[in-house]
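Listed below, chain by chain, are the residues.
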Amino acid sequence: MGLIVTYNYELIYVNTKIQIDDRFKSEFPEVKDRITEIIKVKDAYCEIVKIEGNKEKMDIVLSIYKDRTKTYVIETKVYSFTPSSTDSMDSFMQAYEYLKTLPEFEYAIYVDDQSPEV
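Model, not experiment: these values are computed from the prediction.

What counts, and at which threshold
Residues numbered from 1 in each chain as written. Predicted model: local features only at pLDDT ≥ 70, side-chain atom pairs only at ≥ 80, totals over all residues. Heavy atoms only, no water. Buried < 20%, exposed > 50% of the residue type's maximum accessible area, 1.4 Å probe, protein only. Helix = DSSP H or I, 4+ residues; strand = E, 2+ residues; numbered from the N terminus. Contact = heavy atoms within 4.5 Å. Polar contact = N/O pair within 3.5 Å; in protein donor to acceptor, adjacent residues only side chain to side chain. Pairing = 2+ DSSP bridges. Axes fitted to C-alpha atoms, helices over the stretch in contact; angles between N-to-C directions. Core = buried A, V, L, I, M, F, W, Y, C linked by side-chain atoms within 4.5 Å. Phe/Tyr/Trp six-rings, centres within 6.5 Å; stacked < 30°, edge-to-face > 60°. Lys NZ or Arg CZ within 6 Å of the ring centre and 35° of its normal. Salt bridge = Lys/Arg side-chain N within 4 Å of Asp/Glu carboxyl O.

S.K.: A description of helix α3 (residues 91-99) should follow, citing residues and the corresponding values.
M.R.: Along α3, the residues classified as buried are Gln94, Ala95, Tyr96 and Leu99. The inward-facing, buried residues of α3 abut β1 (2-14), β2 (34-53), β3 (58-65), β4 (73-81) and β5 (109-111). Measuring from the backbone nitrogen of Phe92 back to the side-chain oxygen at the start of α3 gives 3.2 Å, which picks out Asp90 as the cap.

S.K.: Could you give an account of the sheet that holds β2, with specific residues and numbers?
M.R.: With antiparallel pairing, five strands are arranged side by side in an open sheet as β4-β3-β2-β1-β5. Unpaired on one side and paired on the other, β4 and β5 mark the two borders of the sheet. Going across the sheet, the axis of each strand differs from the next one's by a mean of 45 degrees, ignoring polarity. In this structure, β1 lies alongside β2, joined through eleven bridges in antiparallel fashion. Looking at β2, one finds that Ile12 is bridged to Thr36. Across the sheet, α3 touches β1, β2, β3, β4 and β5, and the angle it forms with β2 is around 155 degrees.

S.K.: Please provide a residue-by-residue account of the nonpolar core, values included.
M.R.: Ile48, Ile60, Leu62, Leu99 and Phe105 are the most contacted members of the largest nonpolar core, which totals 21 residues. Of all elements in the fold, only β1, β2, β3, β4 and α3 reach the threshold of two or more residues within this core. Excluding anything up to four places from it in sequence, Ile60 contacts Ile48, Lys50, Lys77, Val78, Tyr79, Phe81, Ala95, Tyr98 and Leu99.

S.K.: Quick one: what's the story with the environment of Thr82, residue by residue and with numbers?
M.R.: Among the structural elements, Thr82 can be located in the loop between β4 and α3. Residues Thr82 and Met58 lie 24 residues apart in sequence; the distance between their C-alpha atoms is 6.1 Å. Leave out the neighbours within four places in its chain, and Thr82 touches Lys55 and Glu56.

S.K.: Before we move on, could you go through the packing of aromatic side chains and cite the residues and values that matter?
M.R.: Tallied over the entire structure, the rule returns four aromatic pairs. Between the aromatic rings of Phe24 and Phe28, the centroid separation amounts to 4.9 Å while the plane-to-plane angle is 40 degrees, which identifies the pairing as tilted. The positively charged end of Lys100 is found above the aromatic ring belonging to Tyr110, 5.4 Å away from the centroid.

S.K.: Give me the pattern of salt bridges: which residues, what numbers.
M.R.: For the structure on display, the rule yields seven salt bridges. The partner of Asp43 in a salt bridge is Lys42, with the nearest N and O atoms 3.9 Å apart. The salt bridge involving Glu104 is made with Lys77; its shortest N-O contact spans 3.1 Å. With a gap of 27 residues between them, Glu104 in the loop between α3 and β5 and Lys77 in strand β4 connect regions that are remote in the sequence. Classification of Glu104 as partly exposed rests on a relative accessible area of 32%. Given a relative accessible area of 25%, Lys77 falls into the partly exposed group.

S.K.: Residue-level account of the side chain of Arg68, with values.
M.R.: Relative to the elements of secondary structure, Arg68 occurs in the loop between β3 and β4. With relative accessibility at 12%, the residue Arg68 sits in the buried group.

Next comes the structure, spelled out in structure tokens:
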């Protein structure tokens, strides 16, 4: 099971010259110390690769792949949520339900690993 989503991957380029050379910043004040670029990854595949915790708090390790082939991991993120003790869903389903409440996964589509490509 996983989620398919258009994922906004944030690339941050850091100007190491500014970090190691104090005078560079004063000589070239117009140069930014970092540049951020957003890459939209259409049909990124998000899969929970690990979940652990207790009835108070569950930690989710989520791998975000370029696509369902899972040949390239864009990034891995960690989320936490409070599981429902009254819900009959297993921890993984509760975790996916939690992810769908987050703005970045609001429009994500559930997919089964055995289902055909979207």
